[in-house]
Amino acid sequence: RKHLKYLAVPISALVIILFASPSLIPEASFRLLRNDIEFVPDAPFLFKYEPPSTSVYEGDDVEIDLQVDKLTSLPSEVFVIANGYKYKMKSEGNGSFNYTINQIKEPVGIEFEAEGYSSKDFFLDVVMRPKIASFEIDLDYPSYINLEDRTMKNIGDLQIPEGTLLRWKIVSSNVTGVFIETSNDTLLELSQLSLDLFQGSYLASESFAYEIISRGTVDGLFDTVRFSVDVTGDFYPEISVDQYQDS
């Protein structure tokens with residue numbers, strides 16, 4: 001016991017160093033002293049991955065190229081875990097591995113795994129494309145032809161009598177604006193009624209083609225669909241039924 005007082009000082013100093021500057025203590029000694037921590041062996045290889053520097057767009061195919069650098073050995077198989085789903089990567093040789101995410105639809109968190117070792121987490125952000133989900137056109141016929149007004153759903157190609165007022169209601173997502181541009185140089189900016197609902201009207205006096213244009217949240221990103229309207233005299237109108245389906 002009389003020697004314990006001589007050990008108190010070095011033990012206290014060691015404890016202070018352990019918590020203040022653990023790097024000063026050799027790894028084996030550190031593990032011996034901190035037996036409350038589970039230590040995982042260092043991987044015999046390094047995962048090297050650089051996410052795309054440019055934007056990834058919804059619907060694009062995304063190539064994931066991984067380089068694994070050898071420290072003491074290389075893994076024979078590597079897996080990518082994307083949003084919790086595990087996929088085997090294709091070996092290209094010399095530590096290169098590849099996997100393609102087809103038609104990416106949402107942001108993706110990814111990590112790599114091989115022989116029980118995992119990489120850090122990475123994140124692929126996805127720019128959502130503007131899209132027209134559905135639309136309808138109210139046809140307000142001239143009162144003097146005694147026809148009941150109609151509403152056409154997802155039908156853009158029409159044959160209507162002269163003087164018909166067309167009112168579009170368009171449901172579009174991931175947009176900052178919706179426009180209708182006609183072949184006679186008319187550009188309509190539709191009014192936004194709610195987050196995804198837009199409305200606009202046009203009086204048909206002659207035949208015309210038109211585009212419904214939805215402007216995305218990123219400059220230069222648009223979704224466009226094209227239709228035509230055949231305007232006839234004031235006889236009984238016909239409707240050319242071409243069903244619109246969102247791609």
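Quick notes on the rules
Residues numbered from 1 in each chain as written. Predicted model: local features only at pLDDT ≥ 70, side-chain atom pairs only at ≥ 80, totals over all residues. Heavy atoms only, no water. Pairing = 2+ DSSP bridges. Helix = DSSP H or I, 4+ residues; strand = E, 2+ residues; numbered from the N terminus. Phe/Tyr/Trp six-rings, centres within 6.5 Å; stacked < 30°, edge-to-face > 60°. Buried < 20%, exposed > 50% of the residue type's maximum accessible area, 1.4 Å probe, protein only. Patch = residues over 30% accessible without salt bridge, like charges linked within 9 Å, V, L, I, M, F, W, Y side chains within 5 Å. Areas by Shrake-Rupley, 256 points an atom, 1.4 Å probe, with all protein chains shown as cover. Salt bridge = Lys/Arg side-chain N within 4 Å of Asp/Glu carboxyl O. Lys, Arg positive; Asp, Glu negative; His and termini not counted. Charge placed at Lys NZ, Arg CZ, Asp CG, Glu CD. Contact = heavy atoms within 4.5 Å. Axes fitted to C-alpha atoms, helices over the stretch in contact; angles between N-to-C directions.

Trainee: Looking at this structure, how should I read the sheet that holds strand β12 (residues 131–140)?
Mentor: Strand pairing in a sheet relies on backbone hydrogen bonds. The paired strands run either parallel or antiparallel. Taken in spatial order, the five strands line up as β13-β12-β15-β19-β18 in an open sheet, and their pairing is antiparallel. Lying at the two open borders of the sheet, with one neighbouring strand each, are β13 (150–153) and β18 (191–192).

Trainee: Even after reading the chapter, I still don't get the packing of aromatic side chains, so can you show me in this structure?
Mentor: To describe a pair of aromatic rings, you give the distance between the ring centres and the angle between the ring planes. Applying the stated criterion across every chain, the model contains twelve aromatic pairs. Seen in terms of ring centroids, Phe 45 and Phe 47 are 5.5 Å apart; in terms of plane orientation they differ by 80°. Their pairing is edge-to-face. Taking relative accessible area as the criterion, Phe 45 reaches 2% and is therefore assigned buried. In this structure Phe 47 comes out as buried when scored by relative accessible area, which is 19%. The interplanar angle of 65° and the centroid separation of 5.2 Å between the aromatic rings of Tyr 49 and Phe 112 together place this pair among those described as edge-to-face.

Trainee: Mind showing me how you'd approach a negative patch on the surface here?
Mentor: On the surface, a cluster of negative charge is made up of Asp 61, Glu 63, Asp 65 and Glu 92. Assignment of secondary structure puts Glu 63 in strand β3 (residues 62–70). Given the relative accessible area of 44%, Glu 63 is considered partly exposed.

Trainee: How do you make sense of the pairing of strand β4 (residues 79–82) when you look at a structure like this?
Mentor: Put simply, side chains in a regular strand alternate between the two faces of the sheet. Summarising the sheet, β4 and strand β5 (residues 85–88) pair through four bridges and their orientation is antiparallel. Following the sheet pairing, Phe 79 is matched in β5 by Lys 88. Hairpin remark: β4 followed by β5, antiparallel, with two residues in the connecting loop; positive phi at Asn 83, about 50°. Sheet topology note: the β4/strand β8 (residues 108–114) ladder contains four bridges and is antiparallel. Paired with Phe 79 across the two strands is Glu 113, which belongs to β8.

Trainee: Is there a simple way to explain the side chain of Glu 58 in this structure?
Mentor: In this fold, Glu 58 is placed in the loop between β2 (56–57) and β3. Of the residues examined, Glu 58 reaches a relative accessible area of 12% and is grouped as buried. Beyond its immediate stretch of four places on either side in the chain, Glu 58 contacts Ile 104, Lys 105, Val 126, Val 127, Met 128, Arg 129, Lys 131 and Asn 174.

Trainee: Sorry, what's going on with the sheet that holds strand β16 (residues 175–182) here?
Mentor: Judged by pairing direction, the sheet is mixed, and its five strands sit side by side in the order β14-β21-β20-β16-β17 without closing on themselves. With partners counted over all chains shown, the strands left at the sheet margins are β14 (158–161) and β17 (187–189), one partner each. Adjacent strand axes in the sheet meet at a mean angle of 25°, parallel and antiparallel pairs treated alike. As paired elements, β16 and strand β20 (residues 208–216) share seven bridges and run antiparallel to each other. In the sheet register, Ile 180 faces β20, and the bridge partner there is Ile 212.

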